[in-house]
Amino acid sequence: MAPDHPLFDTLTGIVGAAGVVTAADDIAPYAIDWRRLFPGTPACVVRPKSTAEVAAVVRACRAAGVALVPQGGNTGMAGGAVPDASGRQVLLSLNRMNAIREVDPVGLTLEAEAGVILSVAKEAAAASDRLLPISLAAEGSALIGGVVSTNAGGINVLRYGMTRALVLGLEVVLADGRIVNGLRRLRKDNAGYDWKQLFIGSEGTLGIVTAAVLRLVPKPRHSVTALIAVEKPEAALRLLDKAQTEIGDTLQAFELISGASIALVGQHAGLKCPIAPASWFLLIEAGSTLPGLRDAAEALLASAFEDGMAVDGVIAETGAQAASLWALREHITESEAREGKSVKHDISVPLTSIPAFLAETEAMLAEVAPGIRLNVFGHLGDGNLHYNVMIQSGHDAGSINRAVHDMVTRYGGSISAEHGIGQYRVEELQRTRSPEELALARQLKQALDPAGLLNPGKVLPHG
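Residues numbered from 1 in each chain as written. Predicted model: local features only at pLDDT ≥ 70, side-chain atom pairs only at ≥ 80, totals over all residues. Heavy atoms only, no water.

**Digging into the overall build of the protein**
Working step 1: When its secondary structure is counted, the protein shows 16 helices and 19 strands.
Working step 2: Expressed along its principal axes, the backbone C-alpha trace of the protein runs to roughly 75 × 60 × 45 Å.
Working step 3: Burial status across the protein gives 54% buried among its 463 residues.
Working step 4: Looking at the protein alone, contacts between residues at least 24 apart form 74% of all its contacts between residues at least 6 apart.
Working step 5: Entry remark: accessible area of the protein is about 19,700 Å², with carbon and sulfur atoms responsible for 53%.
Working step 6: For the protein, the distance from the average position of its 40 positive side-chain charges to the average position of its 49 negative side-chain charges is 4 Å. (Helix = DSSP H or I, 4+ residues; strand = E, 2+ residues; numbered from the N terminus. Buried < 20%, exposed > 50% of the residue type's maximum accessible area, 1.4 Å probe, protein only. Contact = heavy atoms within 4.5 Å. Areas by Shrake-Rupley, 256 points an atom, 1.4 Å probe, with all protein chains shown as cover. Lys, Arg positive; Asp, Glu negative; His and termini not counted. Charge placed at Lys NZ, Arg CZ, Asp CG, Glu CD.)

Shown next as structure tokens:
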């Protein structure tokens, strides 16, 4: 887009000179995704400060026939918040819409604008002795609008569900610039279609989330964190089943970590595992407002050792020790990057199928790509695995990616459990979902964004 295009003056008139970024150095942080896989070239970055300004920007771009790419904290893993390289797409940053409008500790709700940092929202809830139970590695930079628009997951999905389960109301700007205000604080609202669900997880392709009412929960006063070694995934599932029976209401996280992952963290992050090497580890966290949790957790684990489910383990005695156990989990991705190239998969399969899936997929990859190594970890409690394949020169990343996704599909799983589709998995979604599901998705897109100007090329192919 030429520097003298009249749209620039229109946008400046809407958001002010400080709200339009055109200098290359200032645009650069917005123009590439967190993984640095998808560089783009925005015509400019527009930073509105209100919902009314967002609506006016949308109307101006629609009148000019210019596409808009909404962006939150730009922490996504699928390239869903960066423009293409054409120089003709406007990047819409919501980071100046950063007001927490209300915290209601009795009604257990928090209303926040799209540009509020997730950790700031969590701190606001904590100040009222409440918990916003969305826990992500990127919570220090992820924005509420992006969290909602990608239906973010994280480590606490086992207990509290995905972001979708925590959204009570939304404010959305549609592709024609209309503002739809559904910021209701109701737990029960069965009056017609639940339209907000269309925008949660749609990655800004159907509308732009400008504010949300999120559900809070009572803040746990007692917690237990444990690292447990098991011999096989089958034992991990048996222990999960036992834990859900005996302390299920308190389980917040049930993470599966391969021995290879722990070894990578020791090698590249210098973190020492407090128990002996094993094939698989479980990182378990439980929390409750009531006392007695530690006794129940210790009884559970003692029984697991007696029954042969676990072979070693440790329970954190202090908050610092719990943090050190979580550090093992949190440094896996960084350690993998230092090890070399990998093909990442964010997949889910039915819980009871996980052992068979792991065994069959590893055997398949040994034939498809001899010499690969696996780095497998993830949220066992909700069936989500980060199944990463570390490759060498000569390995074809595309064929490995397709082979893993084919296996996931055969097991009735999903090729994207929590990271979304973005532009990274558009082709694979087209390949692995049924024609009927894809046709329905196109119908929704056509109905809500007939000109195709909202985040084109994300989730669905452009054009």
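**Some words on empty space enclosed by the protein**
Working step 1: Considering all chains together, one arrives at 1 cavity of 30 Å³ or more under this definition.
Working step 2: Contributing to the lining of the largest cavity are Val224, Ala226, Ile247, Ile284, Ala286, Ala297, Leu300 and Leu301.
Working step 3: The set of elements that each furnish at least two residues to the lining of the largest cavity consists of strand 12 (222-230), strand 14 (280-288) and helix 10 (293-306).
Working step 4: Counted by class, the lining of the largest cavity contains 8 nonpolar, no polar and no charged residues. (1 Å grid on protein atoms, 1.4 Å probe; cavity = no way out; pocket = protein on both sides within 12 Å on 5 of 7 lines; lining within 4 Å. Points joined across faces, edges and corners; volume = space filled by probe spheres on them. Nonpolar A, V, L, I, M, F, W, Y, C, P; charged D, E, K, R; others polar.)

**With respect to the packing of aromatic side chains**
Working step 1: Across all of its chains, the model carries 4 aromatic pairs by this definition.
Working step 2: Ring geometry for Trp195 and Phe199: centres 5.9 Å apart, planes at 80 degrees, overall edge-to-face.
Working step 3: Its relative accessible area of 24% is what places Trp195 among the partly exposed residues.
Working step 4: Look at Phe199 and you get buried, because its relative accessible area is 4%.
Working step 5: Measuring from centroid to centroid gives 5.8 Å for Phe357 and Tyr387, while their planes differ by 70 degrees, and the two rings are edge-to-face. One end of the pair, Phe357, is in helix 13 (residues 354-368); the other, Tyr387, is in strand 19 (residues 384-390), and 30 residues separate them in sequence.
Working step 6: Residue classification places Phe357 among the buried positions, given a relative accessible area of 0%.
Working step 7: Here the guanidinium or amino end of Arg35 rests over the ring plane of Tyr424, the centre of that ring lying 5.0 Å away. (Phe/Tyr/Trp six-rings, centres within 6.5 Å; stacked < 30°, edge-to-face > 60°. Lys NZ or Arg CZ within 6 Å of the ring centre and 35° of its normal.)

**With respect to the sheet that holds strand 8 (residues 167-173)**
Working step 1: An order of 5-6-10-8-9 is seen for the 5 strands of this open sheet, with the pairing classed as antiparallel. This sheet does not close on itself; its edge strands, each paired only once, are strand 5 (100-104) and strand 9 (179-182). Strand after strand, the sheet turns through a mean of 10 degrees between neighbouring axes, direction not considered.
Working step 2: Taken together, the 4 bridges between strand 5 and strand 6 (residues 109-113) define a ladder with antiparallel strand orientation. For Ile100, the partnering residue across the bridge sits in strand 6 and is Ala112.
Working step 3: Lying over the sheet, helix 3 (residues 51-64) contacts strand 5, strand 8, strand 9 and strand 10 (208-215), oriented at roughly 45 degrees with respect to strand 8.
Working step 4: Contacting strand 5 and strand 6, helix 4 (residues 118-127) crosses the sheet at an angle of about 35 degrees to strand 5. (Pairing = 2+ DSSP bridges. Axes fitted to C-alpha atoms, helices over the stretch in contact; angles between N-to-C directions.)

**What to know about the nonpolar core**
Working step 1: By size, the foremost hydrophobic cluster in this structure holds 49 residues, and its most contacted members are Leu282 and Tyr387.
Working step 2: For this core, the element with the highest residue contribution is helix 8 (residues 233-247), accounting for 7 residues.
Working step 3: Ranked by size, the runner-up nonpolar core spans 28 residues in total, among them Ala124, Leu132, Ile134 and Leu136. (Core = buried A, V, L, I, M, F, W, Y, C linked by side-chain atoms within 4.5 Å.)

**Thoughts on the layout of surface pockets**
Working step 1: Roughly 860 Å³ of internal volume is contained in the second largest pocket.
Working step 2: Lining the second largest pocket are 32 residues; nearest its centre among them are Arg164, Gly201, Ile421, Arg433 and Val459.
Working step 3: Among the secondary structure elements, those contributing two or more residues to the lining of the second largest pocket are helix 7 (196-199) and helix 16 (435-448).
Working step 4: A total of 6 residues in the lining of the second largest pocket trace back to one element, the largest contributor, which is helix 16.
Working step 5: Classifying every residue of the lining of the second largest pocket gives 14 nonpolar, 11 polar and 7 charged.

**A look at the environment of Gln252**
Working step 1: As for its placement among the helices and strands, Gln252 is situated in strand 13 (residues 251-258).
Working step 2: Residues Gln252 and Leu216 lie 36 residues apart in sequence; the distance between their C-alpha atoms is 15 Å.
Working step 3: Among all residues touching Gln252, those that are not within four sequence positions of it are Ile155, Asn156, Leu158, Arg159, Tyr160, Pro220, Glu285, Ala286 and Gly287.

**Quick word on the environment of Pro220**
Working step 1: Note on placement: Pro220 falls in the loop between strand 11 (217-218) and strand 12.
Working step 2: With relative accessibility at 23%, the residue Pro220 sits in the partly exposed group.
Working step 3: When the C-alpha positions of Pro220 and Thr289 are compared, they lie 4.6 Å apart, and in sequence the two are 69 residues distant.
Working step 4: Setting aside its immediate chain neighbours within four residues, Pro220 contacts Leu131, Tyr160, Gln252, Gly287, Ser288 and Thr289.

**Thoughts on helix 8**
Working step 1: Along its 15 residues, helix 8 runs 20 Å from first to last C-alpha, staying within 8% of the 21 Å computed at 1.5 Å per residue.
Working step 2: In the core, the buried residues of helix 8 are packed alongside strand 12, strand 13, strand 14, helix 10 and helix 13. (Expected span 1.5 Å × (residues − 1).)

**A short note on the packing of helix 9 (residues 259-268) against helix 12 (residues 332-339)**
Working step 1: Contact geometry for helix 9 and helix 12: axes closest at 8 Å, N-to-C directions at 75 degrees. Considering the angle they form, helix 9 stands roughly perpendicular to helix 12. The residues of helix 12 that touch helix 9, namely those facing Ser261, Leu264, Val265, Gln267 and His268, are Ile332, Ser335, Glu336, Arg338 and Glu339.
Working step 2: Within the contact of helix 9 with helix 12, the residues separate by chemical class into 3 nonpolar, 4 polar and 3 charged. (Parallel < 35°, antiparallel > 145°, perpendicular 65-115°, else oblique.)

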